[in-house]
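Descriptive structure summary
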Amino acid sequence: MADITLTVKRTSTADEAGPSWQSFQVPEIAETMSVLDALIWVQQNSDPTLAFRRACRVKMCGTCGVVINGREGLACGTLVRSLVGDRGGEVRVEPMRHLPVVRDLVTDPGVFYQHLAGAGAAFSPKDGGQEPAEILPDSKERKTIDPHRECIYCGLCYSACSVAGLDSGFLGPAALNRAFALVSDSRDGGGKQRLQVAATEQGIWRCHTIFECTAVCPKGIPITAAIQGLKRKVVVSKLKGLIGLDR
Ligand code: SF4
Ligand code: FES
């Protein structure tokens, strides 16, 4: 097995010169070695000060999102072999975009969570709804909602979204995907309010349908389709007079 060169963009609060790239030689310890395994190897064997987040190591928790060779991905879900083959080579890792860097690969997801909250990410049960509430597995409603419920809030779609990079007020793909899942759910009572928020200047109409969010989502969520679905719901709701006409 060949060694790899792991090149990491490093940022330290003490370093006034700004970020810099640092390379480490890492042995490929297994064919199934992930980028996260390589980062852990560096932390344990070369530089214990290297900072990054991780928890589950199995693509479930969403904490290890980074940019790998220029593309957003989960460090634990990206195999080194898939990047350099069996001959070794360089893997470049940097923090996610559009979020403040705390240190090295650790970013502050505050604005990402603020947008989720702003779009109404919490389920709001309908008054007087049937108990137990149910949506049958083979129903049209279930098929509409299900692809949009698997979000692990990793933030990779936000990092890949060029509109989010230009406008930090844009709600962003994950928040809009969550809003779509909830307004499509008959058990939820907050639909009107969610559509009203989605219809504002920094909601659905800021999306340029570039599909980058959908391309990088590790859970395969059709995020762009959710935003298009929200647009249709907003237009229909406005025509029916259910939500205001002003943005
Ligand atoms: S929609 Fe996909 S890429 Fe975006 S936060 Fe959720 S899991 Fe991550
Ligand atoms: S460590 Fe949990 S998703 Fe990578």
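Residues numbered from 1 in each chain as written. Chains lettered and ligands numbered in written order. Predicted model: local features only at pLDDT ≥ 70, side-chain atom pairs only at ≥ 80, totals over all residues.

1. With respect to the sheet that holds strand 4 (residues 71-74)
- Across the sheet, which stays open at both edges, the five strands sit in the order 2-1-5-3-4 with mixed pairing between neighbours. Because the sheet does not close on itself, it has two edges, and the strands there are strand 2 (20-27) and strand 4. Averaged over neighbouring strand pairs, the angle between their axes works out to 35° when direction is ignored.
- Bridge count for strand 3 (residues 65-68) against strand 5 (residues 89-94) is two bridges, and the pairing is antiparallel. (Pairing = 2+ DSSP bridges. Helix = DSSP H or I, 4+ residues; strand = E, 2+ residues; numbered from the N terminus. Axes fitted to C-alpha atoms, helices over the stretch in contact; angles between N-to-C directions.)

2. Considerations on the domain arrangement of the protein chain
- As far as domains go, the protein chain holds domain 1 (3-107) and domain 2 (110-239).
- Computed over C-alpha atoms only, the centres of domain 1 and domain 2 are separated by 30 Å.
- With 15 residues of domain 1 at the contact, the number on the domain 2 side is 14 residues.
- Grouping the amino acids of the side of domain 1 that touches domain 2 by side-chain chemistry returns six nonpolar, five polar and four charged. (Domains from an automatic or database assignment. Contact = placed C-beta atoms within 7 Å. Nonpolar A, V, L, I, M, F, W, Y, C, P; charged D, E, K, R; others polar.)

3. A closer look at the packing of helix 3 (residues 110-118) against helix 7 (residues 173-183)
- Two elements in contact, helix 3 and helix 7, have axes separated by 8 Å at closest approach and are oriented at 25°. What the angle tells us is that helix 3 and helix 7 run roughly parallel. When the axes of helix 3 and helix 7 are compared, the crossing they make is right-handed. Along the contact surface, helix 3 presents H115, L116 and G118, while helix 7 presents A174, A175 and R178.
- Classifying every residue of the contact of helix 3 with helix 7 by side-chain character gives three nonpolar, two polar and one charged. (Parallel < 35°, antiparallel > 145°, perpendicular 65-115°, else oblique. Left-handed = near helix turned anticlockwise from the far one by under 90°.)

4. Brief notes about the site of ligand 1
- Around ligand 1, the structure places 15 residues, and the nearest of them are C151, C154, C157, A174 and C217.
- For the shell around ligand 1, the secondary structure elements donating two or more residues are helix 5 (156-160) and helix 7.
- No other element matches helix 7, which puts three residues into the shell around ligand 1. (Near = placed C-beta within 6 Å.)

5. Some points on unusual backbone geometry
- Its identity is not glycine, yet Y153 carries a phi of approximately 55°, on the positive side.
- Note on placement: Y153 falls in the loop between helix 4 (140-145) and helix 5.
- Using a count of 19 C-beta atoms within 10 Å as the deciding quantity, one classes Y153 as partly exposed.
- A positive phi is found at T209, a non-glycine position, where the angle reads about 55°.
- The topology assignment puts T209 in the loop between helix 8 (191-198) and helix 9 (212-216).
- On the basis of neighbour count, T209 is assigned to the exposed category, with 9 C-beta atoms found within 10 Å. (Buried ≥ 20, exposed ≤ 12 C-beta atoms within 10 Å, placed from the backbone.)

6. What to know about helix 8
- Among the residues of helix 8, those classed as buried are G191, R194, L195, V197 and A198. The arc that holds the buried residues of helix 8, viewed along the axis, is 160°, so those residues lie on one side. (Arc of directions from axis to C-beta.)

7. Topic: the pairing of strand 1 (residues 3-10)
- By the alternation rule, side chains of strand 1 split into I4, L6, V8 and R10, which are all buried, and D3, T5, T7 and K9, of which none is buried.
- In terms of strand pairing, strand 1 meets strand 5 through five bridges, oriented parallel. Bridging from a neighbouring strand, I4 pairs with G89 of strand 5.

8. What to know about the nonpolar core
- Counting residues in hydrophobic clusters, the biggest one holds 59 residues, and the most contacted among them are C157, L176, A179, A198 and L230.
- Looking at this core element by element, the count peaks at eight residues for helix 7.
- Those residues within four positions of A179 in sequence are excluded, and the remaining contacts are A119, G120, R194, A198 and L230. (Core = buried A, V, L, I, M, F, W, Y, C linked by C-beta atoms within 7 Å.)

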